[in-house]
Amino acid sequence: MAPVTRLVLDVLKPHDPGVVSFATQLGDLEDVDATTATVVEVDETVKTLRVTIEGDDLDLESIRAEIEDLSASIHSIDQVACGSRAVDDPWL
Amino acid sequence: MAPVTRLVLDVLKPHDPGVVSFATQLGDLEDVDATTATVVEVDETVKTLRVTIEGDDLDLESIRAEIEDLSASIHSIDQVACGSRAVDDPWL
Amino acid sequence: MAPVTRLVLDVLKPHDPGVVSFATQLGDLEDVDATTATVVEVDETVKTLRVTIEGDDLDLESIRAEIEDLSASIHSIDQVACGSRAVDDPWL
Amino acid sequence: MAPVTRLVLDVLKPHDPGVVSFATQLGDLEDVDATTATVVEVDETVKTLRVTIEGDDLDLESIRAEIEDLSASIHSIDQVACGSRAVDDPWL
Amino acid sequence: MAPVTRLVLDVLKPHDPGVVSFATQLGDLEDVDATTATVVEVDETVKTLRVTIEGDDLDLESIRAEIEDLSASIHSIDQVACGSRAVDDPWL
Amino acid sequence: MAPVTRLVLDVLKPHDPGVVSFATQLGDLEDVDATTATVVEVDETVKTLRVTIEGDDLDLESIRAEIEDLSASIHSIDQVACGSRAVDDPWL
Amino acid sequence: MAPVTRLVLDVLKPHDPGVVSFATQLGDLEDVDATTATVVEVDETVKTLRVTIEGDDLDLESIRAEIEDLSASIHSIDQVACGSRAVDDPWL
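Definitions and limits used
Residues numbered from 1 in each chain as written. Chains lettered and ligands numbered in written order. Predicted model: local features only at pLDDT ≥ 70, side-chain atom pairs only at ≥ 80, totals over all residues. Heavy atoms only, no water. Helix = DSSP H or I, 4+ residues; strand = E, 2+ residues; numbered from the N terminus. Rg over C-alpha atoms; globule rule 2.2 N^0.38 Å. Buried < 20%, exposed > 50% of the residue type's maximum accessible area, 1.4 Å probe, protein only. Areas by Shrake-Rupley, 256 points an atom, 1.4 Å probe, with all protein chains shown as cover. Lys, Arg positive; Asp, Glu negative; His and termini not counted. Charge placed at Lys NZ, Arg CZ, Asp CG, Glu CD. Contact = heavy atoms within 4.5 Å. Salt bridge = Lys/Arg side-chain N within 4 Å of Asp/Glu carboxyl O. Polar contact = N/O pair within 3.5 Å; in protein donor to acceptor, adjacent residues only side chain to side chain. Pairing = 2+ DSSP bridges. Axes fitted to C-alpha atoms, helices over the stretch in contact; angles between N-to-C directions. Parallel < 35°, antiparallel > 145°, perpendicular 65-115°, else oblique. Left-handed = near helix turned anticlockwise from the far one by under 90°. Nonpolar A, V, L, I, M, F, W, Y, C, P; charged D, E, K, R; others polar. Core = buried A, V, L, I, M, F, W, Y, C linked by side-chain atoms within 4.5 Å. Least-squares fit on C-alpha atoms with pLDDT ≥ 70 in both. pLDDT = per-residue confidence, 0-100.

**Describing the overall build of chain A**
Helix and strand content of chain A: two helices and four strands. Relative to the 2.2 N^0.38 estimate, which gives 12 Å for 92 residues, the radius of gyration of chain A is 13 Å and therefore close to what a compact globule would have. Considering chain A as a whole, with its 92 residues, one finds that 58% of them fall into the buried category. In the structure as shown, chain A presents an accessible area of about 3900 Å², 42% of it carried by carbon and sulfur atoms. In chain A, the 6 positive side-chain charges and the 20 negative ones have mean positions that sit 6 Å from each other.

**As for the interface of chain G and chain E**
Buried accessible area, meaning the area lost when the parts come together, often serves as the stated size of an interface. Facing the 22 residues of chain G at the interface are 21 residues of chain E. The interface formed by chain G and chain E holds three salt bridges in total. Residue G:R50 pairs with E:D89 through a salt bridge whose shortest N-O separation is 2.9 Å. At the junction of chain G and chain E, the tally comes to 10 residue pairs in polar contact (both at pLDDT 80 or more). Those elements giving two or more residues to the side of chain G that touches chain E turn out to be β1 (4-14), α1 (19-27), β2 (32-42), β3 (46-55) and β4 (73-83) of chain G. The pairing of strand β4 (residues 73-83) of chain E with β2(G) spans five bridges and is antiparallel. Opposite E:A81, over in β2(G), you have G:T36 as the bridge partner.

**Considering the packing of helix α1 (residues 19-27) of chain F against helix α2 (residues 60-69) of chain F**
The relative placement of two packed helices comes down to the angle between their axes together with the axis-to-axis distance. All names here are of chain F. Put simply, α1 and α2 touch, their axes get as near as 10 Å, and they point 150 degrees apart. With respect to their mutual orientation, α1 and α2 come out roughly antiparallel. Note on packing geometry: the crossing formed by α1 with α2 is right-handed. Facing α1, whose interface residues are F22, Q25 and L26, α2 presents I63, E66 and I67. Residue composition of the contact of α1 with α2, by class: four nonpolar, one polar and one charged.

**Some details on the pairing of strand β4 (residues 73-83) of chain A**
Residues and elements named next belong to chain A. A large share of β4 lies buried, amounting to nine of its 11 residues. Bridging between strand β1 (residues 4-14) and β4 involves eight bridges; their strand directions are antiparallel. Bridged to L9 within β4 is I77.

**Quick look at the nonpolar core**
Ranked by size, the top nonpolar core spans 189 residues in total, and within it A:L9, B:L9, C:L9, D:L9, E:L9, F:L9 and G:L9 carry the most contacts. For A:L9, the contacting residues outside a window of four places in its chain are A:L49, A:R50, A:V51, A:I53, A:L60, A:I63, A:I67, A:I74, A:S76, A:I77 and A:D78.

**Some words on the relation of the copies chain G and chain E**
Overlaying chain G on chain E yields an RMSD of 0.0 Å, the required transformation being a rotation through 52 degrees with an accompanying axial translation of 0.0 Å. The two copies present different faces, since only 14% of the interface residues in chain G are matched by interface residues at the equivalent positions in chain E.

**Here we look at the pairing of strand β1 (residues 4-14) of chain B**
All names here are of chain B. The buried fraction of β1 is high, at nine of 11 residues. Where β1 lies against strand β3 (residues 46-58), 10 bridges are found, and the strand directions are antiparallel. Note that in β3 the partner of L9 across the bridge is V51.

**Digging into the side chain of F:T24**
Tracing the backbone through its elements, the reader meets F:T24 in helix α1. In this view, F:T24 contacts G:M1, G:A2, G:V4 and G:C82; residues no more than four positions away in its chain are not counted.

**A closer look at the arrangement of the chains**
Looking at chain B next to chain F, you find no contact at all, with the nearest C-alpha pair sitting 22 Å apart. Over all C-alpha pairs, chain B and chain G never come within contact, reaching a minimum spacing of 22 Å.

**Observations regarding unusual backbone geometry**
All names here are of chain A. Cis rather than trans, the peptide bond between D16 and P17 has omega equal to 10 degrees. Positionally, P17 belongs in the loop between β1 and α1 (19-27). The phi torsion at S71 lies on the positive side, around 65 degrees, for a residue other than glycine. Residue position: S71 is located in the loop between α2 (60-69) and β4. For S71, a relative accessible area of 51% gives the class exposed.

**Comments concerning the pattern of salt bridges**
With the rule as written, the count across this model stands at 42 salt bridges over all chains. Ionic pairing is found between D:R85 and A:E54, a salt bridge with its closest N-O pair at 2.9 Å. Highlighted residues: D:R85 in the segment after β4 (73-83) and A:E54 in strand β3 (residues 46-58), drawn from two different chains. For A:E54, a relative accessible area of 13% gives the class buried. Put simply, G:R85 and F:D33 hold a salt bridge, and the shortest N to O gap is 3.7 Å. Taken together, the residues G:R85 in the segment after β4 and F:D33 in strand β2 (residues 32-42) connect one chain to another. Put simply, A:R6, A:D33, A:E54, A:D88 and D:R85 are held in one network by salt bridges that share partners.

**Let's talk about the confidence of the model for chain A**
Of all residues in chain A, 100% attain a pLDDT of 70 or more, and the chain-wide mean is 95. Both scores are given for the predicted complex: the pTM is 0.90, the ipTM 0.88.

Encoded structure:
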């Protein structure tokens, strides 16, 4: 299978754990090289994060399991990149 | 024939298979080096993806067959690049 | 004559042949190094493409003949660049 | 734990201490390499700053303690980046 | 005199000669290294082109004479750059 | 203390001294490497300048004293950067 | 005095002399390395130019004298940069 090198996820997260714990726990997963979590909306009980994860061979299911372990959930997948090199979306 | 080096496709995809499976299956095709799938719209039963595929010599028909095997369909072709080097659209 | 190194053409094309065939046929012309065709409008019977073509010494007339062979037509010329090096339009 | 390499914080700060003292005190924390504080809003009694902090292994709690020592508070966390390399949010 | 290295001209041109002939004829002038003609407006009898010309020592009068030989006219000068190196307008 | 490497100041300045004198006098301060003053508003008696100052170890108080010596005043501080390297604000 | 390395001037110029003569005459001044004149408004009797001048040690007064010799006048100064290196305005 072509390795997944970037995932951009829309994540709903309760206020606890905080964004830093959340990002570093994801960053601890085996194939994750880098994680950037941007807070895009703050509601009464949840935060919406856009989480960009890069690695050599990302596994969505272990990322999803970790996110759910952290009491959060993937609301939607915004972007998936895979292959032996990176290609940007020319319209973005 | 001048080899096709980039295709940007507007794809309608049912929610299953997921975007990651969809992108990696396309990424497994022989001449595909890199695939980036961006979700641009989510409706009740389908997702609209803008799929950017790069390779040395892409074959639209085998890509279309794979997309249809994945229960999805090419709604339209947004961009095609071909030749011995890449040229960007100066208006984009 | 100063060699033409880039042409950006507004092309009206019936739905058949498809954009990929159209771009690769243009890419097969002798002096064409790279072609990028972006679909800018889709109407009932025609597509409007913005076609960017680069090469060392492009010949508009052989490109126009090929476009007409493909049942399409040049609606307008958007940009022409020529000379021993490339210069960008500072307002674009 | 994956080291935190960038934090972007929304900070509410009384007018005293000034922005320069505030930024340099944060910059003095052990793992902080660089701090950029941008003033985004000035109200009667407080300033809202967007504070970007980079380092090899940032500790939010010692940063928060320092911010509170300076009579200010973290209103929200805008972005957290962690891992062995930096990844930018493609939508930003 | 400081040599002129870039001219950006607003040119009114009848539909004949075409943009390609027009650009290549300008590109044939002695001190012209590169010409990019962008079509900015098409009216019933004329096209408005923004023509960017670069060279080591451009001569406006020989360019104007060539433009008038081609039945076109300089409607206005949009930008002139001169000197031993290039400087961009920070507001553009 | 972490050295201040960039200050962006909003400055109100009477029409006299002129912007050039004003910028060069600031540029003469000991730790100032570079100063860029952009005029953002011109009123009847004052000009509003956005003044960007970079250096290895800037001292706000000596800059403020110089600004006041020049009959001007710091209206607000827009940005402060400090540390051993520069970090840009990702939202700017 | 910290040397002035860039001036951006708003200049009112009668239609005669033309923009090219105007720019090259400024470019002939001793410390001027590069001049870019952009026409920003054309009125019945005057043109408004934004003139960007770079050099190692620019002298506003000799530039102003030259501009007035050319029957034009400095309407306002938009930007002044000085120092041993260049710094860009982060808000521009």
